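# Residue-level structure breakdown
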Amino acid sequence: MKNYSKIFITGGAGFIGSNLADYLLSLDKEVTIIDNFSTGRREFIEKALRNDKFHCIESDILDLENLKNVIKGHDFVFHLAANADVRFGLQHPSKDLEQNTIATFNVLESMRTNDIKNIAFSSTGSVYGDANQIPTPENSNFPIQTSLYGASKLACEGMISAYSEGYDINSWIFRFVGVLGERYTHGHLFDFYKKLNANKEILEVLGNGKQKKSYIYIKDCIESMITAINKHDKKINIYNLGCDEYIEVTDSIRIITKFLNLDPKIVYEDKDRGWVGDNPFIFLDTKKIRSAGWKEKNTITQAVSKTIEWLDKNNWVFINEKKVK
């Protein structure tokens, strides 16, 4: 990030955004975050708030005119704000459109208005749907979309590409697998830990437990993004981000129960996915980011363990759990 000094992060009080803000501040960058705190946590930015180069704007990026004003003067945008609720997407179908697709349009319009030429976007491996090719490369053909979340993110990618071509904007599109680590407050590990603390005798699992997923530790994720940005190959840069391995849901359960010293009865469902859009096998080909010089420092097992350790030390996130509305 040596070529950029004033960074703007949407969703900057969230899991990835707050960790990214801390990292950029350690590089002596000036960092502004915007967050409506619907899911973001003020506790995550307590350290950053003590830094004179950190600025927090409590606002919603759906307010286009306000966004145009507060984004002024920045030279790089990390657009991380989104609705990440894949599981309950069909219960509120407009949310992915509004909070993902329309919100991304607002970010791009605000950048265009203020002549900001660089954006990094958090997309998802879900855009590959039930992939025909495993591990799945960036140039894989897109099958039918299986979730409103994935479809909305794919629409965002299309708009970013079009703005990049039309308005000479440099873009980095990062297709994440699941991200784990400190400040993780949404996903299967969070749910399992919470369930086991409520009932140590039984754990009910959505799906048959054989779902295969790849994950990445938060610090490795941030370093992979920075590696790609520093490489700056072309106007539109698309990267899969993840570990060069995968595990089953049953493996995650084994790590959690061992940490908690529990031996609960595990109750599985007789189906290969937990919900509509829960692709049973997500494993991305990450040769491209590795060819840029990046390699993860943590295995998935280490990432799971560090996540559980953080949750165990920070039980306040369950007491003050924020519900997706």
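Up top is the structure.
All residue numbers here refer to positions counted from 1 along the written sequence of the relevant chain. Whole-chain, interface and lining totals are the exception, using all residues; otherwise, since this is a predicted model, local features are given only for residues with pLDDT of at least 70 and side-chain atom pairs are given and counted only at 80 or more. Calculation of side-chain values draws on the structure's entire complement of heavy atoms; hydrogens and water are dropped beforehand.

### Re the sheet that holds strand β5 (residues 118–124)
Spatially, β3-β2-β1-β4-β5-β6-β11 is the arrangement adopted by the seven strands of the open sheet, whose pairing is parallel. One side of each edge strand has no neighbouring strand; the edge strands of this open sheet are β3 (54–58) and β11 (236–241). Strand-to-strand twist across the sheet, computed as the mean angle between neighbouring axes with direction ignored, equals 15 degrees. Any two strands are treated as partners once DSSP identifies two or more bridges connecting them. Helix and strand assignments come from DSSP, with helices taken as H or I runs of at least 4 residues and strands as E runs of at least 2, each series counted from the N terminus. Judged from the five bridges that link them, strand β2 (residues 30–35) and β3 form a sheet pairing that is parallel. Counterpart to D35 in the pairing with β3 is E58. Helix-sheet contacts for helix α1 (residues 15–26) involve β1 (6–10), β2, β3, β4 (76–79) and β6 (170–176), and the interaxial angle to β1 is about 170 degrees. Here an angle of 0 to 180 degrees is reported between the N-to-C directions of two axes, which are lines fitted to C-alpha atoms, with helices fitted over the stretch in contact. Here, two residues are considered to be in contact whenever any of their heavy atoms come within 4.5 Å of each other.

### Remarks on the packing of aromatic side chains
Aromatic rings from Phe, Tyr and Trp, with only the six-membered ring used for Trp, were paired whenever their centres fell within 6.5 Å, and each pair was classed as stacked if the ring planes differed by under 30 degrees, edge-to-face if by over 60, and tilted otherwise. Under the definition given, this model contains 14 aromatic pairs. Ring centres of F15 and Y184 lie 6.0 Å apart, and the angle between their planes is 85 degrees; on these two criteria the pair is classed as edge-to-face. Of this pair, F15 sits in helix α1 while Y184 sits in the loop between β7 (178–180) and α5 (188–198), placing them 169 residues apart in sequence. Residue classification places F15 among the buried positions, given a relative accessible area of 14%. Throughout this description, buried means an accessible area under 20% of the type-specific maximum (1.4 Å probe, protein chains only), exposed means over 50%, and partly exposed covers the range between.

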